[in-house]
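Topology and contacts: notes
What follows is the residue order along each chain.
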Amino acid sequence: QVQLEESGGGLVQAGDSLRLSCAASALTFSMYVMAWFRQAPGKEREFVAAISRSGAGTYYTDSVKGRFTITRDNAKNTVWLQMNSLKLEDTAVYSCAADYRGTLSQSVENYDYWGQGTQVTVSS
């Protein structure tokens, strides 16, 4: 079992930046592909970004490409999502997820562990 806890959400202005953190309890953190998903009210959960076990590989959904950056530090059991140039449509609950399979997938079903999420609200 891996326990994940997100932090760093909040209320920001459009065009501003925010960094989300996800802390994992497992000492074997480095064996998991990590990802960020988001879910806005009334909408399905949406893939945002994923990062490989080593951190060398990343994958982003088109809507955040060039604006968001996912990083990790296995020594700290932490993954981050740096969000720049935030837009109103980025408003959602952001959750981190862990996958032991080792693939960079955007499918919810491929992830084994989930945090409870942190709210990001972007205002005009």
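So, here is what we can say about the structure in this document.

Scoring rules and cut-offs
Residues numbered from 1 in each chain as written. Predicted model: local features only at pLDDT ≥ 70, side-chain atom pairs only at ≥ 80, totals over all residues. Heavy atoms only, no water. Helix = DSSP H or I, 4+ residues; strand = E, 2+ residues; numbered from the N terminus. Rg over C-alpha atoms; globule rule 2.2 N^0.38 Å. Contact = heavy atoms within 4.5 Å. Areas by Shrake-Rupley, 256 points an atom, 1.4 Å probe, with all protein chains shown as cover. Lys, Arg positive; Asp, Glu negative; His and termini not counted. Charge placed at Lys NZ, Arg CZ, Asp CG, Glu CD. Disulfide = S-S within 2.5 Å. Buried < 20%, exposed > 50% of the residue type's maximum accessible area, 1.4 Å probe, protein only. Pairing = 2+ DSSP bridges. Core = buried A, V, L, I, M, F, W, Y, C linked by side-chain atoms within 4.5 Å. Polar contact = N/O pair within 3.5 Å; in protein donor to acceptor, adjacent residues only side chain to side chain.

1. A short note on the overall build of the protein chain
- A count of helical and extended segments in the protein chain gives zero helices and eleven strands.
- Moving toward the C terminus, one meets the helices and strands of the protein chain in the order β-β-β-β-β-β-β-β-β-β-β.
- Against the 2.2 N^0.38 benchmark of 14 Å for 124 residues, the protein chain shows a C-alpha radius of gyration of 13 Å, consistent with a compact globule.
- Principal-axis analysis of the C-alpha atoms gives the protein chain an extent of 40 × 25 × 25 Å.
- Taking the contacts inside the protein chain whose residues are at least 6 apart along the sequence as the reference set, 57% of them involve residues at least 24 apart.
- Here the protein chain has roughly 6,400 Å² of accessible surface; of this, 45% comes from carbon and sulfur atoms.
- Counting 11 positive and 12 negative side-chain charges, the protein chain places the averaged centre of each group 4 Å from the other.

2. Notes on the state of the cysteines
- On inspection of all chains with the given rule, the structure shows one disulfide.
- One disulfide bridge connects C22 with C96, the sulfur atoms lying 1.9 Å from each other. Handedness of the C22-C96 disulfide follows from its S-S torsion of about 55°: it is right-handed. One end of the pair, C22, is in strand β3 (residues 18–24); the other, C96, is in strand β9 (residues 92–99), with 74 residues separating them in the sequence. The same class applies to C22 as to C96, namely buried.

3. Observations regarding the pairing of strand β11 (residues 118–123)
- Burial along β11 is one-sided: T118, V120 and V122 are buried, while Q119, T121 and S123, pointing the other way, are not.
- One ladder, built from four bridges, connects strand β2 (residues 10–13) with β11; its direction is parallel. The partner of G10 across the bridge, within β11, is V120.
- Sheet topology places β9 next to β11; three bridges connect them, and they run antiparallel. Bridged to V93 within β11 is Q119.

4. As for the nonpolar core
- Of all hydrophobic cores here, the largest spans 31 residues; its most connected members are L4, M34, W36, L81, M83 and Y94.
- Looking at this core, the elements that each hand over two or more residues are β3, β4 (33–39), β5 (46–51), β7 (68–73), β8 (78–83), β9 and β11.
- Counting residues in each nonpolar core, the second largest holds seven residues, with F47, A50, A97 and Y111 among its members.

5. Overview of the environment of Q39
- Looking at where Q39 falls in the secondary structure, it is placed in strand β4.
- If we skip the residues at most four places from it in the chain, Q39 touches E44, R45, A92 and V93.
- Among the polar contacts made by the side chain of Q39, one reaches the main-chain carbonyl oxygen of K43 at a distance of 3.1 Å.

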